[in-house]
Amino acid sequence: MSTATIPVGAAGPTGDAPSLPGACESEILACLDAIDRLNPVLNAILAVARGTALDRARMLDRERAVGDWPGLLDGVPVTIKDCFELAGETTSYGSVRFAAEGRRDAAVVRRLKASGAVIIGRNNLSEFCLGSTNQNEHHGSCRNPWNTAHVPGGSSGGSASAVAAGLCRISIGTDTGGSIRIPASLCGVVGLRPSVGRVSNAGVIACSVDFDTVGPLAYSVSDVARAFAAIAGYDPDDPNSVDVPLGNVLPTLRDGIAGLRIGLPRNFYFDGLQPAVAERLREAVAVLERAGATLVDITVEDAEVAQARTGFSLLVADMAQYHLDKIETAPEGIGPEVLRRLKLGLPVSGVDYAGSRRWLAGWKLRFRALFERVDLIVTPTTPIVAPAIADTADMIEATRAVSRFTYGFGALGLPAMTVPCGFGAGGLPVGMQIVGRWFDEPSVLRAGAAFQAATDHHRQRPHFA
């Protein structure tokens, strides 16, 4: 991306006296200023598109001035996780040795641009999108703006940190086993993982074709809904894209949740929580009930084995296969912790892999039956608040700790969103996870919007910012 700087208040196209910045340019300038001040500490953004962002902002302001409407994300400053292909740009994928120049924009990037978004930078991430802490041995660790001694979560940690600190309004990340939801929860923002197949993965690094999704992060559910509406839709270039009607989710966003049946698991998902996390979830569920939802006690059978049967069998094998050439020919170019994790997939046998897939198919059937009784399921997003960087040296154990409640829903391919619901130990954010039926993102978004209409957690900002 271009790093050329264009002076503020440059002369207009006629060469007359400098003009004041328009609305779009002003917001972009504010984000660029925040990046200059805060990113040296947070390390949330790896590359800044200063010149191209300001050029585009000014163009959008001119279009708006003559009555044109650039699109759904008109002038919104957006960052993207550095795992999306961009034409003529080098995408790092969280690596150095394996960074590559893009041949064309990823499908989601094309849709963002068509919607009027202004892409201002690319976010730090876990190497190859593998890891839930965003400790990166090549680009340096990303930090949580609520406490910079703590992790932001991962692998879309740069996206969550950038949104939380005001470096952008919306960021686009990826989620396989929790890589949007975990960092969004730990950084106190909203993060949506759409149903598998709802948003195109074309032009994005793969982890597992059956689990991978692309989704937005922002402080408000309404911004997340707008971004989702802009990027969702069938893509014939993506073999896993599903042609399922979406409709317009925005007009129904404020319709409320009166009569919706919300399932509360009485096993596993509320076990072993930090006390403050448990208390914040009790308070959040009460808000949903007061908004008109009907709470239903449910049991999620085999929830305790889902992470082992999916995340640590299917997923590790998928990742090892995708990166096999790197493991075999250039292992020295991979960070030691990521290489250790990739190698976990090598011993997985075809028989074990097939057995896990068969188990997962049966688990999906049980969830179909469960969704006959409820419309949504609510759980904590993570059982703990963001751990300290010093406590996450073992990436595998750290990933297990924060992804207990996200991996299973990722394996099922369900839509799930985390919404900030308060603060726990050390004043660090707590997130509530809302899970819906396959391709029922509208209900998930409505529930999140109803919660935010009754609370102000999403209006809180870290003192660091």
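Treat the numbers as computed from the prediction; the structure is a model and nothing was measured. (Residues numbered from 1 in each chain as written. Predicted model: local features only at pLDDT ≥ 70, side-chain atom pairs only at ≥ 80, totals over all residues. Heavy atoms only, no water.)

Looking only at helices and strands, the protein has 14 helices and 13 strands in total. The C-alpha radius of gyration of the protein comes to 21 Å, within 12% of the 23 Å expected for a compact globule of 465 residues. For the protein, the spread of C-alpha atoms along the principal axes amounts to about 70 × 55 × 45 Å. Within the protein, the proportion of its 465 residues that are buried is 60%. Residue pairs at least 24 apart in sequence account for 77% of intrachain contacts in the protein once pairs closer than 6 positions are excluded. Of the roughly 16900 Å² of accessible surface on the protein, a fraction of 53% belongs to carbon and sulfur atoms. For the protein, the centre of its 43 positive side-chain charges and the centre of its 48 negative side-chain charges are spaced 3 Å apart. (Helix = DSSP H or I, 4+ residues; strand = E, 2+ residues; numbered from the N terminus. Rg over C-alpha atoms; globule rule 2.2 N^0.38 Å. Buried < 20%, exposed > 50% of the residue type's maximum accessible area, 1.4 Å probe, protein only. Contact = heavy atoms within 4.5 Å. Areas by Shrake-Rupley, 256 points an atom, 1.4 Å probe, with all protein chains shown as cover. Lys, Arg positive; Asp, Glu negative; His and termini not counted. Charge placed at Lys NZ, Arg CZ, Asp CG, Glu CD.)

Looking now at the confidence of the model for the protein. Residue-level pLDDT values for the protein average 93, and 95% of them are 70 or greater. Note on residues 1-18: pLDDT under 50 across the span, and 30 contacts to partners over four residues away in sequence or across chains. (pLDDT = per-residue confidence, 0-100.)

Helix α14 (residues 441-454) packs onto helix α7 (residues 275-290) with a crossing angle of 100 degrees between their chain directions and a minimal axis gap of 10 Å. Considering their axes alone, α7 and α14 lie roughly perpendicular with respect to each other. For the pair formed by α7 and α14, the contact residues are A284, V287 and L288 on the first element and A447, F451 and A454 on the second. (Axes fitted to C-alpha atoms, helices over the stretch in contact; angles between N-to-C directions. Parallel < 35°, antiparallel > 145°, perpendicular 65-115°, else oblique.)

Next up on the list: the packing of aromatic side chains. As enumerated under the stated definition, the model contains 11 aromatic pairs in all. Relative to Y269, the ring of F268 lies with its centre 5.0 Å away and its plane at 80 degrees, an arrangement referred to as edge-to-face. Consider the rings of F268 and F405, whose centres lie 5.6 Å apart with planes at 90 degrees: the pair is edge-to-face. Residue F268 is found in the loop between β9 (261-265) and α7, and its partner F405 is found in the loop between α12 (395-402) and α13 (407-412); the two are separated by 137 residues along the sequence. When sorted by exposure, F268 lands in the same class as F405, which is buried. (Phe/Tyr/Trp six-rings, centres within 6.5 Å; stacked < 30°, edge-to-face > 60°.)

This part takes up the nonpolar core. Within soluble globular proteins, side chains that are nonpolar tend to cluster in buried spots. Within the largest apolar cluster, 140 residues are counted, with the highest numbers of intra-cluster contacts made by F84, L112, L167, I172, F367 and L445. In this structure F367 touches V300, I377, F409, L412, L414 and W438, once residues within four positions along its chain are discounted. (Core = buried A, V, L, I, M, F, W, Y, C linked by side-chain atoms within 4.5 Å.)

As a general feature of sheets, a regular strand has side chains that alternate between the two faces. The element strand β2 (residues 77-81) is largely enclosed, with a buried count of 5 among its 5 residues. Of the pairings in the sheet, the one linking β2 to strand β5 (residues 118-123) comprises 5 bridges and is parallel in character. Considered in β5, the bridge of K81 is made with N123. Summarising the sheet, β2 and strand β6 (residues 170-175) pair through 3 bridges and their orientation is parallel. Of the residues in β6, the one forming a bridge with I80 is I172. (Pairing = 2+ DSSP bridges.)

The next thing to look at is the state of the cysteines. In total, this model carries 0 disulfides according to the counting rule given. Not part of a disulfide, C142 finds its nearest cysteine sulfur in C187, a span of 7.1 Å. With relative accessibility at 0%, the residue C142 sits in the buried group. The thiol of C207 is unpaired, and the distance to the nearest cysteine sulfur, on C129, comes to 5.1 Å. When its relative accessible area of 6% is taken as the criterion, C207 is described as buried. (Disulfide = S-S within 2.5 Å.)

Applying the stated rule across the entire model yields 25 salt bridges. One salt bridge in this structure joins R169 and E27, with 2.8 Å as the shortest N-O distance. Of this pair, R169 sits in the loop between α4 (157-164) and β6 while E27 sits in helix α1 (residues 23-42); the two residues are 142 residues apart in sequence, bridging distant segments of the chain. R280 is the partner of E283 in a salt bridge, and the nearest nitrogen-oxygen pair spans 2.9 Å. Within this pair, E283 and its partner R280 are both found in helix α7, separated by 3 residues, close to a single helical turn. (Salt bridge = Lys/Arg side-chain N within 4 Å of Asp/Glu carboxyl O.)

Here we come to helix α3 (residues 107-114). For α3, every residue scored as buried is listed here: A107, V108, V109 and L112. Buried residues along α3 sit against β2, β5, β6, β8 (213-218) and α6 (221-231). G116, located one to two residues past α3, shows a positive phi value of around 95 degrees.

In this structure, S155 follows G154 across a cis peptide bond, with omega equal to 10 degrees. Residue position: S155 is located in the loop between β5 and α4. We note that C129 has phi near 65 degrees; this positive angle belongs to a residue other than glycine. Mapping C129 onto the fold places it in the loop between β5 and α4. Backbone geometry places F439, a non-glycine residue, at a positive phi of 65 degrees. Turning to its location among the elements, F439 is positioned in the loop between β13 (429-436) and α14.

Right, let's talk about the sheet that holds β5 for a bit. In any sheet, the strands associate via hydrogen bonds between backbone groups, in a parallel or an antiparallel arrangement. Overall, mixed pairing links the 11 strands, which are arranged β1-β5-β2-β6-β8-β7-β12-β13-β11-β9-β10 in an open sheet. The sheet is open, and its two borders are formed by β1 (45-48) and β10 (294-298), each paired with just one other strand. Averaged over all neighbouring strand pairs, the angle between strand axes comes to 30 degrees, with direction disregarded. With 3 bridges connecting them, β1 and β5 associate as antiparallel partners. Its bridge partner lying in β5, A47 is registered against R122. On top of the sheet, α6 reaches β6, β7 (190-193), β8 and β12 (416-423); it is set at about 150 degrees to β8, its chief contact.

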